[in-house]
Structures are given as structure tokens and as C-alpha cells.
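Spelled out, the chains give:
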Amino acid sequence: MPPLNGKIVTVVLFIAVLLGVLYCYISQSYRVVLSFEERFKASDKEARPPQEVVVTLSRHELHLVSQDYLRYKQPSIVQGRTDVVTVTPWLAPVVWEGTFNPGLLDTIYRPKNITVAVTVFAVGKYIMFLKNFLETAEQHFFVGFRVHFYVFTDRPNEVPQIKMAAGRQVTVMSVPSSNRWQEISARRMEIIQTLIEQKLENYCDYIFCLDVDSKFHGRWGTESLGGLVAVIHPGYYRDERSRFPYERRPASRAYVAHGEGDFYYCGGAFGGLLQEVHLLARTCRENFEADAKVGIEAAWQEESHLNRYMWINKPSKVLSPEYLWQDFKSRNSEVQIIRFSGVVKNYADIRPN
Ligand code: UD2
């Protein structure tokens, strides 16, 4: 073969290898940049996105980088809390005071530059709770991190002006009022789903959806981050599962049979990675609407649907009742700190029905 032909063959081979490498690279990246809609298009009732996508999107969770200058108390696997259970049977951590190192966690999450979205609904007279909620959130909720509060209200003019720290802001979104509190509470899933699709994709990493008639008393921070995060309801955590107020009618999409169910979770606080909460909100909304078509409203509206969802789609992190206590309850000994708590309210005064 003449030397010129040899050179041409080498160049062609080189280009072919280059194109091969380029193709592999692009097809890998494509999996990451699939549009949000595409990722979740094929959703039957409680389907989850393909495993591959979940893994790719959970990079915030999987890669935990510390700093070698950091000195902290030596961890132990033989000493620690013995009065509470700190892991579920599917090996998700249950977060209690004394089970984590806040400084270490903040050091791990700070370089990730995360943004946390919060949804809070203040419809009708519930606007009265917003000031306290936001002011105490500024003192305790993800202090030092970027937080964007989305306030949904029918009274935008009554939203209080709160001084926010750098990197933190409030956006007010108008929603219609309603003369049924059940509807206000239940409609939240649809609004959360739409917010994620229209505003949060490519902007926020995590989202927490919280009840407004509550306030913060202690740290709620990076220890609460996870794929799908649920909070155990303070009213039932010592009870047998037969006493949990799940929806018990088999005709409902929120149905949980006797003998089933892990914990009873709060409707007033849940969260996680954007993609996980999107799937949760969309599934609960679809199931809620399917129930409505056959004239069913689940026992505790979206809280019942959330409990059904979490029974099948196990939360990857479970927050103890420290993360949603109730002011009218005296503190049990295992609750060493109350971080967030529902205020005492007179339902007759504040609900529309
Ligand atoms: C429980 C749950 C709540 C929800 C409800 C069942 C907890 C602590 N609370 O609380 O999340 O699952 O049962 O539907 O787990 N709201 C308004 N205006 C209204 C009525 C409600 O803005 O007129 C919003 C507000 O953000 C409030 C939330 O809906 O925090 C839940 O309503 P609630 O606090 O009256 O429900 P509650 O106390 O029965």
C-alpha cells in the first residue's frame, strides 16, 4: 500500500474513534438533560421513573464530600440514642436529635450550592399565621442556605413584609379562595405539581411543603435533605397501626388495608428532591381526582393520599416528630427538641366551613 493511502486509513480510523467517543459522551449527557416532562410522561398510578434516571438525578444525595480540615466528635456505632429507633426496616434514616452532626452536614452541602423551595398556603383567615411562620423560618430553617418561599394566598395584599437574609426570598402567588377548607387543603397537590413544572425545574434542588399554621422553634436544616422525605405524625407514633387514621374504604385510591402501613405521616410537612416530590404530588392529585369522580373524599384529604403513596414508595429519609409537633401536646421524653410545631388554633374561627 502506498504511504499516502496508509496515512488516509490512519486518519479515517482516528476520526471514527473520535466520533465513537463523542457519541458515547452525548448519549450519556442526553440521559441527564431529558426534559422534566419526558422523564415522568409514562406514569401509571404509582409508577416511579426508571431507575437509571433516579440515580442520575440523585447526585446531590450520593456524593457527599467533606473537608479534611474539619474536626468533630468521633462517630460511634456502639454508642448513641437507645431510646428511639433511628432506621426504618428499609434502611432509611429516622432523624432524631443526637443522630447527626449539623456542622458536618452543612459543610458537605454548602459547596453544592443548593436552593431549597418551600410552599406554604395561606388562604382566607390562615393569612394570620404567615408572619410568624416566615419570621421563625428566617431564624431556624436552612439558615445560611438559599431558600425561596412560595406563598399561595387569595389575599396577596395582606402578605407581611419580612426582612429576609441574603439569598432568601418570598414570592407571592395568587390562588382562588374556597368555602370548603377540605378543598383548600386538598388542592395543594395540584398547585405544587404545577409550580414544580413551571417554575422550579432547573432552579431548585429540593422542596419542602409545609403547613402555615405552624412555627419553627429549632434548627431544621441539611439533616432533613433526602430523595423522598416524610415526617412522622406526632399524634400516632406510639400507636398500633390499626389505630392510624388511614383511608379504610377499598373503593378509594387512598385505601390502606388493615395490617398494612408503616407509620402515619403528616400532610403538614413533606419534601425531598424536586423530581421525587413532583411524582408524589402528581400521583396524589391524580388519585384524588379519580376518587372525586366516584364521589369519594378520603378521610384526611391529601394526607390520606400521601400516606397511601408512602406505603408503596418508601421515603428515603424519615423525620421524627421533632419536625412537626403540636403546641397543644406536652413533649414526650424522647423528643429532646421541638423544631417545628403546629400552633393552637380555634378551627371554628378560622376555617370557612
Ligand atoms: C392536618 C394536616 C394538614 C392536612 C389536613 C387534612 C398536619 C400538621 N396537618 O391538619 O396538612 O393534611 O390535616 O386536610 O399534618 N389552609 C388554608 N386555609 C384554610 C384551610 C387550610 O390556607 O382555610 C391551608 C393552610 O396552609 C393549612 C393547611 O391548609 O396549614 C392544612 O389545613 P389545616 O391546618 O386546617 O388542617 P389540619 O389542622 O386538620
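As the structure is a prediction and not an experimental result, all values here were calculated from the model.

**Q** For the UniProt feature "active site" (unreviewed entry) in the protein, give the residues involved together with the corresponding values.
**A** What UniProt calls "active site" (unreviewed entry) maps, in this numbering, to Glu 303. You can see Glu 303 is positioned in helix α10 (residues 301-312). Residue class for Glu 303 comes out buried when judged on its relative accessible area of 13%. Glu 303 has contacts with His 233, Tyr 264, Tyr 265, Cys 266, Gly 267 and Gly 268, leaving out every residue within four places of it along the chain.

**Q** Provide a residue-level description of the pairing of strand β3 (residues 146-153), including the pertinent values.
**A** Here β3 lies mainly inside the structure; seven of its eight residues are buried. Bridge count between strand β2 (residues 115-122) and β3: eight bridges; the pairing is parallel. Paired with Val 118 across the strands is Phe 149, a residue of β3. In this view, the connection linking β2 to its parallel neighbour β3 by way of helix α6 (residues 130-140) has right-handed handedness. By the bridge criterion, seven bridges tie β3 to strand β4 (residues 168-174) in an arrangement that is parallel. By the bridge assignment, Phe 152 is partnered in β4 with Met 173.

Procedures and definitions
Residues numbered from 1 in each chain as written. Predicted model: local features only at pLDDT ≥ 70, side-chain atom pairs only at ≥ 80, totals over all residues. Heavy atoms only, no water. UniProt positions renumbered as here; feature names shortened; annotations may be inferred. Helix = DSSP H or I, 4+ residues; strand = E, 2+ residues; numbered from the N terminus. Buried < 20%, exposed > 50% of the residue type's maximum accessible area, 1.4 Å probe, protein only. Contact = heavy atoms within 4.5 Å. Pairing = 2+ DSSP bridges. Right-handed = clockwise from strand over helix to strand, strands pointing away.

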